[in-house]
Amino acid sequence: MKEPWSLYVHIPFCKTRCSYCDFVTSAEAGDRIPRYLRALEREIEFTARSLVPRDPVHSVYFGGGTPSILTQDQIESVLNTIRANFRLSGSPEITLEANPGDLGADQAERLNEIGVNRLSLGVQSGHDGELWRMGRRHTVADTVQAVSAARAAGFKNISFDLIFGYPGQSQKDWRESLEFALSLAPDHLSLYALSIEDGTALERAVAAGNAVAPSGDELADRYEFALDFLRDAGWNHYEISNWSRTAESESRHNKQYWRQGPYLGFGVAAHGYAYHSRSANIADLDAYLNAVDSCDARFFPPFPAAAETSMQPSQEEMRDEMIFGLRMLREGVDLARFEKRHGIKAESHFHSFIEKHSAGGRVTLSADRKLRLNPRYAFISNQIFIDLV
Ligand code: SF4
């Protein structure tokens, strides 16, 4: 069975830390970026020498952190290492996450020139006050300018991330953020419900009574609003948190995860999944650098920075394929593909799940064997997926 591959590259540096963020990222990059990039390229080379994908790579994703704080020459160098070590498909999707404040005309042109063809902008809100409360270092004007620079440079695929439910956000604010986003005509939108994570500035503010966490009902209302708003605007709601202008602008890279296709992750805390095996890289930056630097190149260590690799039991693989597949609202889980991959009919294996949730109108099974989640239940999908665990 032919399966294209995907590569994820983690850039764990940001200029400042946002108030809600608990990602593996460092706001004190100092002079560690060049050393990190050397380690990253070494990890890419080692991995490619021992683990050769059968099929070409059709997506590369620079995520973070804030990959746009790298210079374009640095990004090009990592991309060249990838090109020298992996076979890329004819027209790979190459995405870079960017802070709108980092994207001027020169940067956008250079990124386009070196082969980046999709930008994922951390827009987050259409209100400066909200951006300030979030601890973002960009403004609404930066977003307008970044989109204009990216379009002028030739980018045809631009995605926005937006957050809903930030303390102090009213329904009107949320509607205005969505209107602001659509006024800039992006090709893709990812909408994330705020989640208050341990150890963040926001968690401390909530604990001290300086901010009020959104209730579950408020978050559900915001989501429902977006559902109707974007449907009326003609958007394609293809995954629980993702909408695209057309079927062609769905994120190829993210669909790789939801379809449980093979991918490799490079960099600190990056994850991979290939040949029934999951891997997770060391999550501490210094430990990651030391592990890759001290690897003996003569032995081509396949996962030089892995904290853990493990074969995934087939029961878990099948369960994950159902859970991640159901997230794709348009495509759903292709049960014919499932049968080819696992040698088992999902209709029999997950009979009670399909029967219970079909009867309740929460999932539908079509004549061509596609199992889909009803979008009206998308926001509470975890309560449905619990029956698969
Ligand atoms: S830019 Fe992203 S990764 Fe960096 S601190 Fe903000 S939310 Fe976290």
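Parameters and conventions
Residues numbered from 1 in each chain as written. Predicted model: local features only at pLDDT ≥ 70, side-chain atom pairs only at ≥ 80, totals over all residues. Heavy atoms only, no water. Helix = DSSP H or I, 4+ residues; strand = E, 2+ residues; numbered from the N terminus. Buried < 20%, exposed > 50% of the residue type's maximum accessible area, 1.4 Å probe, protein only. Contact = heavy atoms within 4.5 Å. Salt bridge = Lys/Arg side-chain N within 4 Å of Asp/Glu carboxyl O. Core = buried A, V, L, I, M, F, W, Y, C linked by side-chain atoms within 4.5 Å. Near = heavy atom within 4 Å. Nonpolar A, V, L, I, M, F, W, Y, C, P; charged D, E, K, R; others polar. Domains from an automatic or database assignment. Buried area = accessible area lost by both parts, 1.4 Å probe. Pairing = 2+ DSSP bridges. Expected span 1.5 Å × (residues − 1).

### Thoughts on the environment of Q72
You can see Q72 is positioned in helix α2 (residues 72-85). Look at Q72 and you get buried, because its relative accessible area is 17%. Considering only alpha carbons, one finds Q72 and D106, 34 residues apart in sequence, at a separation of 9.7 Å. If near-sequence neighbours (up to four positions away) are discounted, Q72 is found in contact with Q107, R110, L111 and I114.

### So, the pattern of salt bridges
By the definition in use, this model includes 32 salt bridges. Ionic pairing is found between R376 and E224, a salt bridge with its closest N-O pair at 2.8 Å. Residue R376 is located in the loop between β15 (370-373) and α15 (381-385), and its partner E224 is located in helix α8 (residues 216-232); the two are separated by 152 residues in the primary sequence. Owing to a relative accessible area of 39%, R376 belongs among the partly exposed residues under this scheme. The salt bridge partner of K255 is E331, with a shortest N-O separation of 3.6 Å. In this pair, K255 is assigned in helix α9 (residues 252-258) and E331 in the loop between α11 (314-327) and β13 (333-334), connecting sequence segments 76 residues apart.

### Focus: the nonpolar core
Core analysis: the biggest nonpolar cluster contains 93 residues, and Y36, L40, F62, V116, L121, L191 and Y288 have the highest contact counts within it. Take this core: its biggest share by element is seven residues, from helix α1 (residues 32-50). In contact with Y288, not counting residues within four places along its chain, are Y36, A39, L40, E43, G267, V268, N281, I282 and A305. Listed in part, the nine residues of the second largest apolar core include C21, Y166, L202 and A211.

### Overview of the site of the ligand
Looking at the ligand, the residues that line it are C14, T16, R17, C18, Y20, C21, F23, G65, T66 and R136. Of the residues in the shell around the ligand, the class split is five nonpolar, three polar and two charged.

### Some thoughts on the domain arrangement of the protein chain
Split into domains, the protein chain comes out as domain 1 (5-258) and domain 2 (314-388). Domain 1 puts 21 residues into the contact, and the matching count from domain 2 is 14 residues. Buried area between domain 1 and domain 2, both sides added, is near 1300 Å², and the carbon and sulfur share of it is 58%. Linking domain 1 with domain 2 are five salt bridges, by the criterion used here.

### As for the environment of L70
Relative to the assigned elements, L70 resides in the loop between β2 (57-64) and α2. By relative accessible area, L70 is classed as buried at 3%. Remark: the alpha-carbon pair of L70 and C14, spanning 56 residues in sequence, is separated by 9.9 Å. Beyond its immediate stretch of four places on either side in the chain, L70 contacts I11, I33, L37 and I75.

### A closer look at the sheet that holds strand β14 (residues 363-365)
In spatial order, the strands read β13-β15-β14; together these three strands make up an open sheet with antiparallel pairing. Because the sheet does not close on itself, it has two edges, and the strands there are β13 and β14. Bridge count between β13 and β15: two bridges; the pairing is antiparallel. For D334, the partnering residue across the bridge sits in β15 and is K370.

### Overview of α2
With 14 residues, α2 ought to run about 20 Å at 1.5 Å a step, and its terminal C-alpha atoms sit 20 Å apart, in line with that. Of all the residues in α2, the buried ones are Q72, I75, V78, L79, T81 and I82. Summarising the contacts, the buried residues of α2 are in contact with β1 (5-11), α1, β2, β3 (88-98) and α3 (105-113).

### Side note on helix α5 (residues 140-153)
Because each turn of an α-helix spans 3.6 residues, side chains separated by three or four positions end up pointing in the same direction. If you check α5, its first and last C-alpha atoms are 20 Å apart, about what 14 residues at 1.5 Å a residue would give, namely 20 Å. Among all positions of α5, only V140, T143, A146, V147, A149, A150 and A153 are buried. Here the buried face of α5 lies against α3, β4 (118-124), α4 (128-134), β5 (158-164) and α6 (171-183). The positive-phi residue at the C-terminal boundary of α5 is G154, with phi of around 110°.

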